[in-house]
Amino acid sequence: MLFFLVFIILAVVAVFFVVGVYNRLVRTRNEVKNAWSQIDVQLKRRHDLIPNLVETVKGYMTHERGTLEAVTRARQQAVSVSGDLTERMKAENFLSQTLRSLFAVAENYPDLKANQNFLALQEEVASTENKIGFARQYYNDAAMRLKNQVEMFPSNVLAGAFGFHPEPFFEVETAAERQAPQIKF
Amino acid sequence: MFDLIRANRRRSALLVVAMAALLLAAGFALGEGVQEGAGPLGLLGGLALGSALALVSYASGDSILLALAGARRIDKADHPVLWNVVEEMCVASGIASPPAVYVIDQDAPNAFATGRGPERAAIAVTAGLLERLDRDELQGVIAHELAHVRNRDVLYLLMVVAMAGAIVILADTGRRFLWMGGGRRRTSEKSGSAGAIVLVFALVLMIAAPVVAQLLYLAVSRRREYLADACGAQFTRYPEGLASALQKIAGSQVPLKGVSRAMAPMYIHDPLAAVGSADVASWGSTHPPVALRIRILRSMAGEADLAGYDEAFRKVTRRAVGLVPAGALAEERAHAVPRPARGDPRSRLDRVRETTDMFWRLKRYAFLSCACGTTLKVPRAYAGQELQCPHCGVPHPVPA
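The model shown is predicted, which means the values in this text are computed figures rather than measured ones.

Points about the overall build of chain B
The number of helices and strands found in chain B is 12 helices and eight strands. Taken across its 400 residues, chain B has 45% of its residues classed as buried. In chain B, once contacts between residues fewer than 6 apart in sequence are set aside, the share between residues at least 24 apart is 65%.

Description of the overall build of chain A
Within chain A one finds seven helices and zero strands. Listing every helix and strand of chain A by position from the N terminus yields α-α-α-α-α-α-α. For chain A, whose C-alpha radius of gyration is 24 Å, the value lies well above the compact-globule estimate of 16 Å for 185 residues. Expressed as lengths along the three principal axes of its C-alpha atoms, the size of chain A is roughly 90 × 30 × 25 Å.

A word on the sheet that holds strand β2 (residues 100–104) of chain B
Residue and element names in this part refer to chain B. Reading across from one edge, β1-β2-β4-β3 is the order of the four strands in this open sheet, with mixed pairing throughout. In the strand order of this sheet, the two ends are held by β1 (71–73) and β3 (111–117), each with one partner. The sheet shows a mean angle of 25° between the axes of neighbouring strands, direction not considered. Taken together, the six bridges between β3 and strand β4 (residues 120–126) define a ladder with antiparallel strand orientation. Each residue of the ladder has a partner; that of A111, found in β4, is V125. Running over the sheet, helix α2 (residues 39–68) touches β1, β2, β3 and β4 and is turned about 165° from β3.

Some details on the confidence of the model for chain A
Residue and element names in this part refer to chain A. In the predicted model, chain A carries a mean pLDDT of 83, and 91% of its residues have values of at least 70. Mean pLDDT across the secondary structure elements of chain A bottoms out at helix α7 (residues 175–178), with 47, and peaks at helix α1 (residues 2–58), with 89. Considering only residues more than four positions removed or in separate chains, one finds that residues 174–178, a stretch of pLDDT under 50, has three contacts. Taken together, the stretch residues 180–185 has pLDDT below 50 and engages in 16 contacts with residues farther than four places along the chain or on a different chain.

Here we look at the environment of R136 of chain A
Residue and element names in this part refer to chain A. Along the chain, R136 falls in helix α5 (residues 116–151). Overall, the presence of 21 C-beta atoms within 10 Å leaves R136 in the buried class. Non-local contacts of R136, meaning those with residues more than four positions away in its chain, are made with I39 and F170.

Structural notes on the pairing of β4 of chain B
Residues and elements named next belong to chain B. The buried fraction of β4 is high, at six of seven residues. Taken together, the five bridges between β2 and β4 define a ladder with parallel strand orientation. Looking at the pairing, I104 lines up with T126 of β4. Connecting β3 to the next strand, β4, in antiparallel fashion are two residues.

Reading the values: rules and limits
Residues numbered from 1 in each chain as written. Chains lettered and ligands numbered in written order. Predicted model: local features only at pLDDT ≥ 70, side-chain atom pairs only at ≥ 80, totals over all residues. Helix = DSSP H or I, 4+ residues; strand = E, 2+ residues; numbered from the N terminus. Buried ≥ 20, exposed ≤ 12 C-beta atoms within 10 Å, placed from the backbone. Contact = placed C-beta atoms within 7 Å. Rg over C-alpha atoms; globule rule 2.2 N^0.38 Å. Pairing = 2+ DSSP bridges. Axes fitted to C-alpha atoms, helices over the stretch in contact; angles between N-to-C directions. pLDDT = per-residue confidence, 0-100.

Structure follows, in structure tokens:
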């Protein structure tokens, strides 16, 4: 009788434990997914800002056709590239670079720098760049949590059984990339 | 991160239970003190008072606090930089819905967060803060406040303040009653010495309860400030931002006006802390000494994450036990590359103008730009009239 009771209690505890670990794995995986979509949201937002920016700047930067066209082209490419992650990231990083040079060139146009519309757009672009960076950071944190849970005992047993697997990290490629997108003012 | 939140929640639950027990004991003692055998009634009274206050502060504690602080809600258009920084920190901390943003028209730099949790929260900053801090520093402060939101520190604080308030009310009534009416207390002849003991015990409890409540609350409050600093460093990956913000805030000589003792613990820097007392660790303060907080943030070498903060904390305070539970550290330690400062294109003057303009707009002043380059900021009283530009004398109609 006593043995039976102990057995029941142990079984109940085990079930609760398994459910808890499983739910935690699911929660973390959802978090990773959410974090991923947040990056997409911010990248899309940046795409949407650029036509407006180019339109505002065009009137002032009459001698910088090349810079403006490079931004427009880089945006086009970032929007159209699909599927492969590394390709997409390459396109987005290139877009960051062209934007940086656009703002660097804008330094030479005092009229432009006094334009309220331009200043507002500059703040928006800078903030969106920040958000992209923070979204990647949060994604990496979440992916790290998932990786730890998938690999560490005891949750690794359940993770293996239910097919949880680690998600890839964002790697910061070069030292220049590591320098957060600096917009020169 | 979630181990951390869980450990936090456990600690809060424990504290709330301890406070509730203290409240019930105070109620019981008050009852017994008033009349022998009325203890259970007093206990019920204490329970009712405590739950009433807790309910009020749960339901509307945040709006009460915001109103007390004189905070006004703003939109993105009112102060885009502040709004964007809040959004950035939400992205960094994984909070899905950004909190409401409030501003306080005071020159003392300070900030606080309120609300039950990430689903319903508000962040309030003063004009002085917006004017003094650059973008990196503002990020640090907002990250600290969002850490309070995410860790649900405010809910805990509201509950504990409600209960501590109930204890103070009970103890005050009790003391007054026992002091003045103690002689008239109806005691049955039989219980003589036992009744006296109960009376003495009740009196001691009445005097001690508020102090104990305060101490209980303070111990956990200081710990939470450290934790919010740690999370702030982790969200921004730039501890120096928060450190230099704290330095500016603590270094300001301007006092925050009209701040009540109940509100003080909410702020990022204790507005009641005497200027110059920054380095003195006091058991009676809700915040750790600000100089210590700055030193810990600045000695975070390498990793800008919870583990890095924990290490710095142990090094600076020379304590063996860190802040963060080991489980949370193991889970967090990775990919926390510190980042360089991002800089701020706005000068101090730009920030002052931006902030004062925001308050003019909130007061519904009309902005008229004159061809000579002057901008006239006109109060509502002049709506519909005509004003001359003070520089060039050109008349401008003020829109109604």
